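# Fold and geometry: a report
Given next are the chains, with one letter for each unit.
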Amino acid sequence: MRASRAQEIWVGIFVAAGIAALFMLALSVSNYTSYTKGGQYHVIVYFDNIGGLKIRAPVTLSGVTIGRVADIGYDKEKYQAKVVLGIDDAYPILTEDTQASIYTAGLLGEQYVALELGAEDQTLKDGDRIYHSQSALVLEELIGQFLVKLTSK
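The text that follows walks through the structure, step by step, so that each part is easy to find. (Residues numbered from 1 in each chain as written. Predicted model: local features only at pLDDT ≥ 70, side-chain atom pairs only at ≥ 80, totals over all residues. Heavy atoms only, no water.)

## Considerations on the sheet that holds strand β7 (residues 129-130)
Reading across from one edge, β7-β1-β4-β3-β2-β6-β5-β8 is the order of the eight strands in this open sheet, with mixed pairing throughout. Edge positions in the open sheet fall to β7 and β8 (132-134), since each of these has one partner strand only. For strand β2 (residues 58-61) and strand β6 (residues 110-116), the ladder comprises three bridges, and the chain directions are parallel. Paired with Thr60 across the bridge in β6 is Ala114. (Pairing = 2+ DSSP bridges. Helix = DSSP H or I, 4+ residues; strand = E, 2+ residues; numbered from the N terminus.)

And the structure:
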């Protein structure tokens, strides 16, 4: 039995729509979609342990995404991970005593940087540093500490 020309066209449209939807889903899950609408300024923060934090991970303030992780490296002088945060120019409100923490979101375990404003009047400019940081909570370390406590009793 031969399909009609109209059926073939509809099947083609359906397949193309499915491929486009999978492509958009892949971009969304990988955080590859562009976030910035305007310029950015960069601030630096050092962590003892960044866990599974990746470049382009969200940077949030009160749950609102205000930027992305721009770069991750290791500082040989400080013996810490150096994380550069790209903050959207629309949010020039980060104070000098802002605190940065690494949290885990969702079931997939995506990590992000959460910022918490301080009480200072001076705001951070491009290239400034956030001095207060809290490293990622690594599940394996917690389990190890729990097991050590169990065996020491």
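## Quick word on helix α2 (residues 139-152)
Taking 1.5 Å of rise per residue, the 14 residues of α2 would be expected to cover 20 Å, and the 20 Å separating its terminal C-alpha atoms lies within 8% of that figure. Little of α2 is tucked away, with zero of its 14 residues classed as buried. (Expected span 1.5 Å × (residues − 1). Buried < 20%, exposed > 50% of the residue type's maximum accessible area, 1.4 Å probe, protein only.)

## Topic: the pattern of salt bridges
Summed over the entire model, instances satisfying the criterion amount to one salt bridge. For Arg5, the salt bridge goes to Glu8, with nearest N and O atoms at 3.9 Å. You can see Arg5 and its partner Glu8 sitting in helix α1 (residues 5-29), three residues apart, about one turn around the helix. (Salt bridge = Lys/Arg side-chain N within 4 Å of Asp/Glu carboxyl O.)

## Some words on the packing of aromatic side chains
How two aromatic rings sit relative to each other is set out by the distance from centre to centre and by the angle between their planes. Taken as a whole, this structure holds one aromatic pair when the rule is applied. Directly above the aromatic system of Tyr46 lies the positively charged group of Lys78, at a separation of 5.2 Å from the ring centroid. (Phe/Tyr/Trp six-rings, centres within 6.5 Å; stacked < 30°, edge-to-face > 60°. Lys NZ or Arg CZ within 6 Å of the ring centre and 35° of its normal.)

## Focus on the side chain of Asp75
Mapped onto the elements of the fold, Asp75 is located in strand β3 (residues 64-75). In this structure the side chain of Asp75 is engaged in a polar contact, spanning 3.2 Å, whose partner is the side chain of Tyr46. Not counting residues within four places of it along the chain, the set of residues in contact with Asp75 comprises Tyr46 and Gln80. (Polar contact = N/O pair within 3.5 Å; in protein donor to acceptor, adjacent residues only side chain to side chain. Contact = heavy atoms within 4.5 Å.)

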